[in-house]
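# Tertiary structure, described
Chain by chain, the residues:
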Amino acid sequence: MQQHLLTAIILLPVVGALATVAYSLLPSKQESNYKWIALVFSVVDFALSLLLVRGIGAGTKDFRFVEDVLWIGSIGAHYHIGVDGISLWLVLLTTFLMPIAILSSWTAIQKRQLSYYLFLLLLSSAMIGVFVSLDLLLFYLFFEASLVPMFFLIGIWGGERRIYAAVKFFIYTSVGSLLMLVAIISLYYVYSKAAPLTTS
């Protein structure tokens, strides 16, 4: 379990999202239960993330709980994840804030509850992936994945100018993402004969 702890922490919110969707297909479903499913999975994810503290010191510069599996061999891309003394606290902060975010919207969200909690869980998974990625391509994919639920959360459940905010968010992040993709491709071609690109 410890060997794949980070993967479990990343995937658990996705499992929660799938469980929420599966529950929505039941004939006897109650919309008020979506929040409970999301809360349970987010709390369990936070509890799992606390296990990281036992295996890593807050001030260490070495990466722990490392998983490194070749993903796309032709370009040297790896499923390479790990945490150090900095990313540890970012992961803990994410898993800690997600149950708070769910509880804070407990009574405020009355419509489209399935979509709301689905996007929250997917956002949690993507953000954790961003903080633990050690491969540059993997980091980019997690970063892009985090933008999709954020766009819908802003555009559907935002304030009075939510559409304007969502469009502005989409434009800014699209331009930034495109520039980052160009930079990644450039680095690959410049250092294609070197070791696979990492964020470490």
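## Some points on a nonpolar patch on the surface
A contiguous nonpolar surface patch, about 720 Å² in accessible area, is contributed by Ile163, Val167, Phe170, Ile171, Tyr172, Val175 and Leu179. By the element assignment, Val167 lies in helix α6 (residues 162-190).

## Regarding the pairing of strand β1 (residues 64-72)
Pairing analysis gives six bridges linking β1 to strand β2 (residues 77-83), with the strands arranged antiparallel. Residue pairing across strands places Glu67 opposite Ile81, the latter belonging to β2. Remark: four residues form the turn of the hairpin made by β1 and β2, two consecutive strands paired antiparallel; Gly76 in that turn has positive phi of roughly 70 degrees.

## Structural notes on unusual backbone geometry
With a phi close to 55 degrees, Phe65 is a non-glycine residue in the positive phi region. As for its position among the elements, Phe65 is in strand β1. In the Ramachandran plot, Arg112 falls in the positive-phi region, its phi being about 55 degrees despite a non-glycine side chain. For Arg112, the location among the structural elements is in the loop between α3 (87-104) and α4 (113-132).

What counts and how
- Residues numbered from 1 in each chain as written.
- Predicted model: local features only at pLDDT ≥ 70, side-chain atom pairs only at ≥ 80, totals over all residues.
- Heavy atoms only, no water.
- Patch = residues over 30% accessible without salt bridge, like charges linked within 9 Å, V, L, I, M, F, W, Y side chains within 5 Å.
- Areas by Shrake-Rupley, 256 points an atom, 1.4 Å probe, with all protein chains shown as cover.
- Salt bridge = Lys/Arg side-chain N within 4 Å of Asp/Glu carboxyl O.
- Helix = DSSP H or I, 4+ residues; strand = E, 2+ residues; numbered from the N terminus.
- Pairing = 2+ DSSP bridges.

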